[in-house]
There are 2 protein chains.
Amino acid sequence: MTDVKVIEIKKSVFAENDRDAAALRTELKEKGVFLLNLMSSPGSGKTTTLIRTLNLLKDRLRIAVMEADIDSDVDAVKVREATGVESIQLHTGGMCHLDAEMTRQGLDNLPLAETDLVILENVGNLVCPAEFDTGAVRNAMILSVPEGDDKPLKYPLMFSVCDLVLINKTDVLPYFDFDLERCRANVALRNPQAQVIPICARTGEGVDRFAGWLLEQVLRWKEQPITDNL
Amino acid sequence: MTDVKVIEIKKSVFAENDRDAAALRTELKEKGVFLLNLMSSPGSGKTTTLIRTLNLLKDRLRIAVMEADIDSDVDAVKVREATGVESIQLHTGGMCHLDAEMTRQGLDNLPLAETDLVILENVGNLVCPAEFDTGAVRNAMILSVPEGDDKPLKYPLMFSVCDLVLINKTDVLPYFDFDLERCRANVALRNPQAQVIPICARTGEGVDRFAGWLLEQVLRWKEQPITDNL
């Protein structure tokens, strides 16, 4: 490998967020609410995946959605119209991620007493959202085929913090240099525990597996005693 | 349109960076160095586009490249091997963007006296890099077809700050619901002055137009008196 000069740029200190997130997770457990944090790059298909998933689960669970976005209300409207599920929009005011406090502000606007599952669609960004624990019980992310199978190598933290990686847009696999097995291996390098589920949100293929995973997570969480390690 | 609840989350204050960026731009002008800041989402094809562009321009201009990445050295090595152009890697230590001070740290490691053009490949992210002026003379971004033609609506600031938008991966237009004219209209909504050039970095189609644009910008900048408004 060619020898290139590498300059380490000093990192700014981010505010400590972990304590807030742990407190929020405990509160949610007491209320019996499961929070899923869904992350991805812009344009990887989060909203389409979410709509299909909601339509598979909405008769089994009481669900609410928080759509985080820099500015527009497009996604919350789209989700509500396509599924009938309670959906609110969080404007981040230009911020590139949500932290636990911002997430709490969103949750305060939902009817948590009548909710089993809240899905947070985070800001489209593979970097910053991974750095801030939102208080979610589980983190999931979507990597779409056109983005390339090398992304776990280039955005390591995102793949490290996710319990589940959905590989979306499998219908265009023939048109891209994307190897599913190489991608699985790259994900495993960052996070051997992560589950990987290939899906095609456009056609719906594989989304039932994601819905099944999520349903199981929620039911197991609700049965778990509060004293268990979250 | 359905009425959805919208919560405005309070924005943290980012450090003031504009003065540093303006000072850096003036210094670069005095040294006769043009800095291009190239931004995009992860996986939109920045490095491939860059390699094709360098091979078109490297006999006309003395060029150096700074590859910003969270962690890996993959891109700087790839660029140097494919073009022979001086290429250094900037590790951002997890940071999601470069500011003017970080950019200066990179430039300090380049032979600026023998350089006409520095291209900075920013961190793959449509949010944060748009918020920090790097000191570049021009900002350009790549939006790839699979990301969707609605991205100017959802990431407004990125499109507002860019002088040029490259629309990459036009070879897969038949497989995606992406309308070039609708995309141009969305870009124009955010930034009527922005130029839009469709390219396919994989086949090279359209990259000569980008190279021509860049060459013209650099030559014009070098001729401009230092007293002109930068």
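Residues numbered from 1 in each chain as written. Chains lettered and ligands numbered in written order. Predicted model: local features only at pLDDT ≥ 70, side-chain atom pairs only at ≥ 80, totals over all residues. Heavy atoms only, no water.

So, the packing of aromatic side chains
All names here are of chain A.
Move 1: For the coordinates displayed, the defined rule picks out 6 aromatic pairs over all chains.
Move 2: Centre to centre, the rings of Phe210 and Trp213 are 6.3 Å apart; their planes meet at 20°, and the pair counts as stacked. Of the two residues, Phe210 and Trp213 are both situated in helix α8 (residues 207-223); the distance of 3 residues between them amounts to about one turn of the helix.
Move 3: Residue Phe210 is classed as buried on the basis of its relative accessible area, which comes to 2%.
Move 4: The ring of Trp221 carries the charged tip of Lys29 above its face, separated from the ring centre by 4.9 Å. (Phe/Tyr/Trp six-rings, centres within 6.5 Å; stacked < 30°, edge-to-face > 60°. Helix = DSSP H or I, 4+ residues; strand = E, 2+ residues; numbered from the N terminus. Buried < 20%, exposed > 50% of the residue type's maximum accessible area, 1.4 Å probe, protein only. Lys NZ or Arg CZ within 6 Å of the ring centre and 35° of its normal.)

As for the pairing of strand β7 (residues 164-168) of chain B
Residue and element names in this part refer to chain B.
Move 1: Burial analysis of β7 places 5 of its 5 residues in the buried class, the great majority of the element.
Move 2: Burial along β7 is two-sided: the face carrying Leu164, Leu166 and Asn168 and the face carrying Val165 and Ile167 are both buried.
Move 3: Alignment of strand β6 (residues 138-144) against β7, held across 5 bridges, turns out to be parallel. When the sheet's bridge partners are listed, Met141 is paired in β7 with Val165.
Move 4: Across 4 bridges, the pairing between β7 and strand β8 (residues 195-198) is parallel. Looking at β8, one finds that Ile167 is bridged to Pro198. (Pairing = 2+ DSSP bridges.)

The analysis is restricted to geometry; functional conclusions fall outside its scope.
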